[in-house]
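Notes for the structure review
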There are 2 protein chains.
Amino acid sequence: MPKIVDPEERRRAVAEAVFRVSARDGLEHASLRNVAEEAGLAIGSVRHYFSDHNDLMIFAMRELGRRVRLRIQAHADRLLASDPEGDRRAMAEQLLAEFLPLDDARREEAVLWLTFTTAARTRPELRPLADEMDDGVRAIVRRVLREARRVGGLPGAVDIPLQTLRLTALLDGLTLHAVLYPERVTPQSMRKVLRQHLAELARPTSPTP
Amino acid sequence: MPKIVDPEERRRAVAEAVFRVSARDGLEHASLRNVAEEAGLAIGSVRHYFSDHNDLMIFAMRELGRRVRLRIQAHADRLLASDPEGDRRAMAEQLLAEFLPLDDARREEAVLWLTFTTAARTRPELRPLADEMDDGVRAIVRRVLREARRVGGLPGAVDIPLQTLRLTALLDGLTLHAVLYPERVTPQSMRKVLRQHLAELARPTSPTP
DNA sequence: GCCTTTATAGCACGATCGAGCTAAATTCGT
DNA sequence: ACGAATTTAGCTCGATCGTGCTATAAAGGC
């Protein structure tokens, strides 16, 4: 029998081709033929690994979510390893900054995130994956805020659900703008906004009027 | 000669069909044939009024921008007419709330906004229109903030460009979430977030650390 | 060499699409 | 009725797409 190809690795490589085509031309151009060409394979080979086009799209989006999750996790681990008792606000900021497209790799990921999550609006098969990604972000933001409150970095009266909603909207809004209008939203400006936002959150306050 | 059709009205009606198809199925389904069917016309009729598919897309997006602009302007006029010297903060809040998808009509507009602006990423011909829409929002937010500072509603030291960036990101982020995850982001929660945001902006502060 | 398993390859078909183009219908003025 | 202008209509073609399906190549074990 022929040389064994690791199916999972092959699938990953094809998903990478989906990402490249989508980022460059839009998801609607990620046809089997275009993706096969981008991956340097014949369409028959691509179809050996994916039962149909939907299968490919689902796999690609799942792979994207996986990559984001791993990156955030690795970053959080690094932060904790470097100084478990360090400046909590700075750490929170750095962890949250990981959601922003501050360099080329993250920017491409953000492009793909936007592409797939907006496509999920009209593609039921991608819906659960979009929800999952959103859940992931909200959970982390909520945890960051809760932990900050617990250690006294935020006022006790802070409304965690509301501030989670607000902060995730801000992060995703900045990301959306960085993807669509990169000349208007630079890495410095995003960092500055995030820092300011966290600084304001930390101030003593009264409940919403 | 036959009964004259107002070309502009016909174009508007066809754009409405584009909106319906796009909102329901996604922009990639707004083919000439699908749009013609949605508009109750033969494809030949549609093509009499638009030189090609791109022309139709450009017109539709321009029409969308026009509608948003008119709606915001009318709302601002109404606010000023009702009480030119009224509670400035409440008025600012109400004006900015007009950018959020708080009812069905605005929600559909938000869906279309997201659909067209993300499509503009890979369609150069739509690019200027997306920029224009973004410019419009930023200009209004900036004006609101400036005016609030001028009348003492915001601290003199507030960084207007930074807060403009932050507030537009928040508004667009909430809108994005309301479109993609409507169960998670309700009209009440959006209003609450906006109110909180403006309340925090208004508090005395020191410049960013 | 044969068999089996795995991987590569792509033809063919029906569907949809945009656009070139032609033709017919409609309606008013003369 | 005719002519002109406007509107409606849709055939045709080449292109692209997903998918059913078949065929070939590749490689190891016996």
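All values derive from a computational prediction rather than experimental measurement.

With respect to the packing of helix H6 (residues 104-119) of chain A against helix H8 (residues 160-180) of chain A
The angle between the axes and the distance between the axes are what describe a pair of packed helices. Residues and elements named next belong to chain A. One way to put it is that H6 packs onto H8 with a least axis distance of 10 Å and a crossing angle of 105 degrees. Between H6 and H8, the angle falls in the class roughly perpendicular. Residue-level contacts link Arg 107, Ala 110, Val 111, Trp 113 and Leu 114 of H6 to Asp 172, Thr 175, Leu 176, Ala 178, Val 179 and Leu 180 of H8. The residue inventory of the contact of H6 with H8, partitioned by class, reads eight nonpolar, one polar and two charged.

Notes on the side chain of Gln 163 of chain A
Secondary-structure assignment places Gln 163 of chain A in helix H8. What makes Gln 163 of chain A buried here is its relative accessible area of 3%. Within the structure, the side chain of Gln 163 of chain A is placed 2.2 Å from the side chain of Gln 196 of chain B, a separation counted as a polar contact. In this structure Gln 163 of chain A touches Leu 145, Val 158 and Leu 201 of chain A together with Gln 196 and Glu 200 of chain B, once residues within four positions along its chain are discounted.

Topic: the domain arrangement of chain A
All names here are of chain A. As far as domains go, chain A holds domain 1 (1-50) and domain 2 (66-201). On a C-alpha basis, the centres of domain 1 and domain 2 stand 30 Å from each other. Counting from both sides, the interface comprises seven residues of domain 1 and, opposite them, seven residues of domain 2. Roughly 690 Å² is buried in total at the junction of domain 1 and domain 2, and carbon and sulfur atoms are behind 71% of that figure. If you look at where domain 1 meets domain 2, you find one salt bridge. For Glu 16, the salt bridge goes to Arg 67, with nearest N and O atoms at 2.7 Å. Taken together, the links from domain 1 to domain 2 amount to one residue pair in polar contact (both at pLDDT 80 or more).

Parameters at a glance
- Residues numbered from 1 in each chain as written.
- Chains lettered and ligands numbered in written order.
- Predicted model: local features only at pLDDT ≥ 70, side-chain atom pairs only at ≥ 80, totals over all residues.
- Heavy atoms only, no water.
- Axes fitted to C-alpha atoms, helices over the stretch in contact; angles between N-to-C directions.
- Helix = DSSP H or I, 4+ residues; strand = E, 2+ residues; numbered from the N terminus.
- Parallel < 35°, antiparallel > 145°, perpendicular 65-115°, else oblique.
- Contact = heavy atoms within 4.5 Å.
- Nonpolar A, V, L, I, M, F, W, Y, C, P; charged D, E, K, R; others polar.
- Buried < 20%, exposed > 50% of the residue type's maximum accessible area, 1.4 Å probe, protein only.
- Polar contact = N/O pair within 3.5 Å; in protein donor to acceptor, adjacent residues only side chain to side chain.
- Domains from an automatic or database assignment.
- Buried area = accessible area lost by both parts, 1.4 Å probe.
- Salt bridge = Lys/Arg side-chain N within 4 Å of Asp/Glu carboxyl O.

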